[in-house]
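Inside the fold
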Amino acid sequence: MAKLKSWFGYGAAVLVLAVMFLAPFVLFSRIGRMVRQLGLRPHPKFSGGQVVRVLDRGGYQVAIAAPAGPVGPLEWGPRFIQVSWSPVAALPDTVDERLDLDGRGRPQVRLRFQVPRDPRQPLTGQVEVLDPRSRPRREACMMPCKAG
Amino acid sequence: MADNRPLSPLRSWPRAGLLALPIALWGLVMMGPALSGRDGTAKLTAFLAEAFMAVLFLLMLRTGQTHRWRKVFFITLGFLFPVGFIIELVRLRGSMSIPVEHLIAGDTPFCFMVIPMTVIPAALNRVLIFPGSILPTASNPRAVATMVSLWLVATLVLGKAWCAYGCFFGGLEEGFASIRRRPVLKRLNPVFRYGPWAVLVTIVLLSAASYAPTYCQWLCPFKAVTEFPEITNGQTLLQAVIFASLFLGLVVILPLLSKKRTQCAFFCPFGAFQSLFARISPFRIRIERSACKDCGACSRACPTLALDAGRVLQGAPRDACMRCGACVDACATGAARWHLQGTRAPSERARLLFLYAGWGFACLFGGTIIASSLASLIHLFR
């Protein structure tokens, strides 16, 4: 019995060493693939949620995401809708749009902002509510301005 | 029959050098991308980091002491990691604070501390409660998949020893704990040992209910030296004050006064989480009762209070033991020793096998962080 335990002990040590020295060549990529296959997605309150409609503005596009809001039982905070403009290079100096966020044919918000040509410059603008059920969030005016 | 041979024999330089050779070669492989790249600074720092890790390992084998040399690596890592991280953040964002647009873009580096909090929301809704990306991107190489892979390998290889060979935060408090020769605070209430478990349970439940990384938002002391939400209102100001207070109290002042890793021993939920996997590793620390003089040197040396008189009598530390080797180094009679579960392997053999795995991971993870942080520091002054 003692000999068997000893075999297991040394076997476990060899296994630990094998895991360690194989990790960068085999295991990291395999585990990474497994994590990807789990189908996890960042919470929409961080990522903005999935894009549900894309409006073509002739040269650039406006992507409207699904409303993002609380998921957990103790989660609070307003629901919000993320709107992204791309590509930045094709945007006019000033964007001024009335947007129909829910696709029912009536605009709910009017957005105006100057497009900063330096991506490190903060993006500021105005969100005007046209529908009394909505209200602007501070972040609505602060989307990333990435090249492309 | 217990093995009562003297522990940690002093090896000859050639023998120690021969045994250290595999780790030196492994370090070269780990530093390979930097050493073969075009950046001269990165080459230099990779070479320095490789030499640093190899020399420390050689000294471990030559002197038979583990904690003494591991500590040098760990403190270096603990102080260089925030420096490199902050330099990188300032280069990318111009500030240590995370602007909202970076949160939304998934550009926040994933931290292993978040892992326990993500489990329940991920299992229930496949939702990741962290503003990071799943796969690495150019603007965020520390993505979820990358960090989870690292954590899983670290857990299989090290278990709880992650806290002494992998964690890039623990070196800070180990550094402050090493400043004074003798502790001012000699008695710490042992009930605080349950602190990490209390914090772990609280944050896991709160995160599952609120779908937010509660610990990162409110309690992480290391936000003070890495990144934190941009201060734009009363809430973010309060968060910043909490981060700074916890950092000063648990990472600087208490370790300085008590010579213990108080943040790890009393607060860190990830340490408690890793304790759950402590028994995966076959490598243990044992106290050989027949050789023990009950002098208490091992308990005094233990940085996380995993050993006390009761545990010495039982012959093994608590699961909070992170295999740092402080007790073995401190034991004059050789009663505290390394043990390979199920075997009667001599302590030195068990230690050597453990160190190949532990130091191998330290080279892979901490060694490369030391190299890249040094390179960032040099770039800053050029």
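Numbers given for residues are sequential positions, taken from 1 along each chain in its written order. Chain letters start at A and ligand numbers start at 1, both assigned in the order the entries are written. This being a predicted model, a pLDDT of at least 70 is required before a residue's local features are given, and a value of 80 or more before pairs of side-chain atoms are given or counted; all residues contribute to the totals for chains, interfaces and linings.

Attention shifts here to the overall build of chain B. Strands are runs of DSSP state E lasting at least two residues, helices are runs of H or I lasting at least four, and both sets are numbered from the N terminus onward. The number of helices and strands found in chain B is 18 helices and five strands. Against the 2.2 N^0.38 benchmark of 21 Å for 382 residues, chain B shows a C-alpha radius of gyration of 21 Å, consistent with a compact globule. Each of the three principal axes of chain B carries a C-alpha extent, and together these read 65 × 50 × 40 Å. Exposed residues have 12 or fewer other C-beta atoms within 10 Å of their own C-beta, buried residues have 20 or more, and residues in between are partly exposed; the C-beta atoms are placed from the backbone. Buried positions account for 52% of the 382 residues belonging to chain B. By sequence separation, contacts in chain B at least 24 residues apart represent 74% of the contacts at least 6 residues apart. Within these notes, the globule rule equals 2.2 Å times the number of residues to the 0.38 power, and the radius of gyration is based on C-alpha atoms. For every residue pair, C-beta atoms are placed from the backbone, and the pair is scored as a contact if these atoms sit within 7 Å.

Two faces belong to every sheet, and in a regular strand the side chains alternate between them. Residue and element names in this part refer to chain A. Here strand E6 (residues 109-114) shows a buried face lined by Val109, Leu111 and Phe113 and an unburied face lined by Arg110, Arg112 and Gln114. When DSSP finds two or more bridges between a pair of strands, those strands are recorded as paired. Bridge analysis of strand E5 (residues 94-99) against E6 gives six bridges, and the strand direction is antiparallel. The residue of E6 that forms the bridge with Val95 is Phe113. Pairing of E6 with strand E7 (residues 125-129) involves five bridges; the strand directions are antiparallel.

Here the limits of each domain have been adopted from an automatic or database domain assignment. Segmentation of chain A into domains returns domain 1 (1-40) and domain 2 (44-141). The C-alpha-based centres of domain 1 of chain A and domain 2 of chain A are spaced at 46 Å.

At the junction of the two partners, chain A supplies 38 residues and chain B supplies 45 residues. Elements with a minimum of two residues in the side of chain A that touches chain B: helix H1 (2-37), strand E1 (41-42) and helix H2 (44-47) of chain A. Here the element with the most residues in the side of chain A that touches chain B is H1 of chain A; it accounts for 20 residues. Only Asp, Glu, Lys and Arg are considered charged in this grouping, and only Ala, Val, Leu, Ile, Met, Phe, Trp, Tyr, Cys and Pro are considered nonpolar; every other residue, Gly among them, is considered polar. Its residues assigned to classes, the side of chain A that touches chain B comprises 24 nonpolar, eight polar and six charged. Relative to strand E2 (residues 127-128) of chain B, E1 of chain A runs parallel, the two being bridged by two bridges.

Strand pairs in the sheet, formed through backbone hydrogen bonds, run parallel or antiparallel to each other. Residue and element names in this part refer to chain A. A sheet is described by the order of its strands in space; here three strands give the open sequence E2-E3-E4, paired in antiparallel fashion. Across the chains shown, the open sheet's two edge strands, defined by having one partner strand only, are strand E2 (51-56) and strand E4 (83-86). For this sheet, the mean inter-axis angle between neighbouring strands, taken without regard to orientation, is 20°. Inspection of the sheet shows strand E3 (residues 61-65) paired to E4 by four bridges, in the antiparallel sense. Paired with Ala63 across the bridge in E4 is Ser84. Angles here are taken between N-to-C directions and fall from 0 to 180 degrees, while the axes themselves are lines fitted to C-alpha atoms, restricted in helices to the stretch in contact.

Side chains that are nonpolar tend, in soluble globular proteins, to be buried together. We call a set of buried Ala, Val, Leu, Ile, Met, Phe, Trp, Tyr and Cys residues a nonpolar core when their C-beta atoms link them within 7 Å. Phe57, Val144, Cys327 and Phe361 of chain B are the most contacted members of the largest nonpolar core, which has 125 residues in total. The residues touching Phe361 of chain B, leaving out its near neighbours within four places in the chain, are Met20 of chain A together with Ala154, Val157, Leu158, Tyr165 and Gly166 of chain B. Judged by nonpolar contacts, the second largest core, of five residues, contains Ile64, Ala68, Ile81 and Val83 of chain A.

Quick look at the domain arrangement of chain B now. Note: interface size is frequently given as the accessible area lost on complex formation between the parts. Residues and elements named next belong to chain B. Looking at chain B, the domain boundaries give domain 1 (10-79 + 347-382), domain 2 (96-281) and domain 3 (283-340). At the level of elements, helix H4 (67-93) and helix H18 (347-381) are the ones that each hand at least two residues to the side of domain 1 that touches domain 2. Top contributing element to the side of domain 1 that touches domain 2 by residue count: H4, with eight residues. Grouping the constituent residues of the side of domain 1 that touches domain 2 by class yields nine nonpolar, four polar and two charged.

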